[in-house]
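Listed here are the chains, written in short residue letters.
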Amino acid sequence: MTRVTKDNWVIGNWKSNPSSLTQAKNLASEIKAVDFDTNHGQVMVMPTNLHLTSIIDAMKDTAILVGCQDVSFTSDSVGAYTGDCSAEQMQAIGAKWTLVGHSERRTYHQESDKQLIAKIENAFKNNMGVVLCIGETLTEYEKGQTLNVLHKQLAILKEINKLKNHAKKLIIAYEPVWAIGTGKVPQVTEVEKVHQNIDDYLLTVHDSLIQTPILYGGSVNADNVEAFAQSNCIDGVLVGGASLVADKFASLAKTFFATKK
Ligand code: PGA
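## Side note on helix H8 (residues 188-205)
Turning to step 1, where the next piece is worked out: Its 18 residues place the ends of H8 26 Å apart at the C-alpha level, agreeing with the 26 Å of an ideal helix rising 1.5 Å per residue.
Turning to step 2, where the next piece is worked out: Taken residue by residue, H8 has Val191, Val194, His195, Ile198, Asp199, Tyr201, Leu202 and Val205 as its buried positions.
Turning to step 3, where the next piece is worked out: Packed against the buried residues of H8 are strand E5 (129-134), helix H7 (146-154), strand E6 (170-174), strand E7 (214-217) and helix H9 (225-229).

## Let's talk about the layout of surface pockets
Turning to step 1, where the next piece is worked out: Here the largest pocket defines a volume of roughly 460 Å³.
Turning to step 2, where the next piece is worked out: What lines the largest pocket is a set of 23 residues, and nearest its centre among them are Asn49, Gln69, Asp70, Arg105 and His109.
Turning to step 3, where the next piece is worked out: Elements with a minimum of two residues in the lining of the largest pocket: helix H4 (103-108) and helix H5 (113-125).
Turning to step 4, where the next piece is worked out: Split by residue class, the lining of the largest pocket holds 6 nonpolar, 10 polar and 7 charged.

## Some words on the nonpolar core
Turning to step 1, where the next piece is worked out: Residues Ile31, Leu132, Leu157 and Ile198 are the most contacted members of the largest nonpolar core, which totals 68 residues.
Turning to step 2, where the next piece is worked out: Of all the elements, helix H10 (residues 246-260) adds the most residues to this core, at 7 residues.
Turning to step 3, where the next piece is worked out: Ignoring sequence-local partners within four residues, the contact set of Leu157 consists of Ile120, Leu132, Leu163, Leu170, Ile172, Leu202 and Val205.
Turning to step 4, where the next piece is worked out: Among the nonpolar cores identified, the runner-up in size contains 12 residues, and Trp9, Val131, Cys133 and Ile171 belong to it.

## Structural notes on the environment of Val4
Turning to step 1, where the next piece is worked out: Mapped onto the secondary structure, Val4 falls in the segment before strand E1 (9-13).
Turning to step 2, where the next piece is worked out: The spatial distance from the C-alpha of Val4 to the C-alpha of Tyr216 is 17 Å, given a sequence separation of 212 residues.

## Observations concerning unusual backbone geometry
Peptide bonds are trans in most cases, and residues, glycine excluded, mostly fall at negative phi.
Turning to step 1, where the next piece is worked out: The omega torsion of the bond from Asn17 to Pro18 falls at -15°, within 30 degrees of zero and hence cis.
Turning to step 2, where the next piece is worked out: Within the secondary structure, Pro18 sits in the loop between E1 and helix H1 (21-32).
Turning to step 3, where the next piece is worked out: The residue Lys162 is not glycine, and still its phi comes out positive at about 50°.
Turning to step 4, where the next piece is worked out: With respect to the element layout, Lys162 can be found in the loop between H7 and E6.
Turning to step 5, where the next piece is worked out: At Ser219, a position not held by glycine, the phi torsion is positive, near 55°.

## Side note on the sheet that holds strand E8 (residues 236-239)
Turning to step 1, where the next piece is worked out: Ordered in space as E3-E2-E1-E8-E7-E6-E5-E4, the 8 strands form an open sheet in which the pairing is parallel. The open sheet terminates on both sides in strands that have one partner only, identified here as strand E3 (65-66) and strand E4 (97-100).
Turning to step 2, where the next piece is worked out: In this sheet, E5 lies alongside E4 in parallel orientation, the contact comprising 4 bridges. Paired with Leu99 across the strands is Val131, a residue of E5.
Turning to step 3, where the next piece is worked out: In the packing of H7 onto the sheet, the strands contacted are E5 and E6, and the crossing angle to E5 comes to about 150°.

## Things to note about the pattern of salt bridges
Turning to step 1, where the next piece is worked out: Across all of its chains, the model carries 9 salt bridges by this definition.
Turning to step 2, where the next piece is worked out: Note that Asp199 and Arg3 form a salt bridge whose closest N and O atoms lie 2.5 Å from each other. In this pair, Asp199 sits in helix H8 while Arg3 sits in the segment before E1, placing the two residues 196 residues apart along the sequence.
Turning to step 3, where the next piece is worked out: In this structure, Arg3 engages Asp235 in a salt bridge whose closest nitrogen and oxygen atoms are separated by 2.9 Å. Of this pair, Arg3 sits in the segment before E1 while Asp235 sits in the loop between H9 and E8, and the two are 232 residues apart along the sequence.
Turning to step 4, where the next piece is worked out: A single salt-bridge network, built from bridges that share partners, covers Arg3, Lys6, Asp199 and Asp235.

## Looking at the packing of aromatic side chains
Two aromatic rings are characterised by how far apart their centres lie and by the angle between their planes.
Turning to step 1, where the next piece is worked out: Here the structure, examined in full by the defined rule, presents 7 aromatic pairs.
Turning to step 2, where the next piece is worked out: Here the aromatic rings of Phe73 and Tyr81 are separated by 6.2 Å at their centres, their planes lie at 85°, and the arrangement is edge-to-face.
Turning to step 3, where the next piece is worked out: Judged by its relative accessible area of 33%, Phe73 falls in the partly exposed class.
Turning to step 4, where the next piece is worked out: Consider the rings of Tyr216 and Phe228, whose centres lie 4.5 Å apart with planes at 15°: the pair is stacked. With Tyr216 in strand E7 and Phe228 in helix H9, the pair connects residues that are 12 residues apart, well separated along the chain.

What counts and how
By convention here, each chain's residues receive numbers from 1 onward along its written sequence. Where totals are concerned, whole chains, interfaces and linings use all residues; where local detail is concerned, this predicted model gives features only for residues with pLDDT of at least 70, and gives and counts side-chain atom pairs only at 80 or more. Side-chain measures were taken over the full set of non-hydrogen atoms in the model, leaving aside hydrogen atoms and water. Helix and strand labels come from DSSP, where a helix needs a run of H or I of at least four residues and a strand needs a run of E of at least two; each type is numbered from the N terminus. A helix is expected to span 1.5 Å multiplied by its residue count minus one. The cut-offs for exposure are 20% and 50% of the maximum accessible area for each residue type, with area from a 1.4 Å probe on protein chains only; residues under the lower value are buried, those over the upper are exposed, and the others partly exposed. Contacts are assigned to residue pairs that have any heavy atoms within 4.5 Å of one another. Using a 1 Å grid laid over the protein atoms alone, points where a 1.4 Å probe fits but cannot get out form a cavity; open sets with protein on both sides within 12 Å along at least 5 of 7 lines form a pocket; any residue with an atom within 4 Å of a point counts as lining. Grid points are joined across faces, edges and corners, and a volume is the space filled by probe spheres set on the points. Ten residues, namely Ala, Val, Leu, Ile, Met, Phe, Trp, Tyr, Cys and Pro, are considered nonpolar, four, namely Asp, Glu, Lys and Arg, are considered charged, and the remaining ones, Gly among them, are considered polar. Residues enter a nonpolar core if they are buried and are Ala, Val, Leu, Ile, Met, Phe, Trp, Tyr or Cys, with the set joined through side-chain atoms within 4.5 Å. Any two strands with at least two DSSP-identified bridges between them are counted as paired. Helix axes are fitted to C-alpha atoms over the stretch in contact, other axes to C-alpha atoms as well, and angles between N-to-C directions run from 0 to 180 degrees. Any carboxyl oxygen of Asp or Glu within 4 Å of a side-chain nitrogen of Lys or Arg constitutes a salt bridge here. In this scheme Phe, Tyr and Trp rings, the latter by its six-membered ring, pair at centre separations within 6.5 Å, and the angle between planes marks the pair as stacked below 30 degrees, edge-to-face above 60, and tilted otherwise.

So, in structure tokens, the structure goes:
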């Protein structure tokens, strides 16, 4: 089946970086000064919650979107949930998108499918977009279980209320856990096969997901990004480490979009 053309994305996940607000603001102003050629794709940065309002403010009047890295599982917009920020609160300060299910949250916070479903629904209810992160561990990869693991992680989409109404606000980020922050990347041909399989799986969930972009993440940098961009099955990249240095992020994003032109 011919793959439909999907939107292209370059997303910087700043994780729990940098160490000060001043550094975060400097990073934002350096990124803001870059001409990204956003006619060919969308750039988004995702700072830590602590820096979110300042970075949203820094990026206003630019084409760069700002999102957050998580929202609370609770559907209450306020309440006794220590340490949580609700989707309503995130939306109210101007966060347009959120990551859900990043492997670091699945690992360090033992996020369950039930919680992930609630987070996605809360984000959608508040008109936020969701970047759902999925990926297999090294052991699962070595045992050839990648597709089974991904199908299980994607199956939660079947539980989302009125998913089709929010189809345009969904992105899938395929991030093999063993590639995150390790400098190891799978072959582009392997990623392509996985993305094609994700495409097929999404259509079994709902045909409105035909245009859902599928991003690759895990040790993407300015040197290896072109190879990923050359694949028609890779609609974008989710970048951690290389998004923290403005010139590296700029060169990576420009190469991605220029290759997609
Ligand atoms: P990395 O992180 O680019 O540092 O490997 C990617 C991610 O975790 O989203």
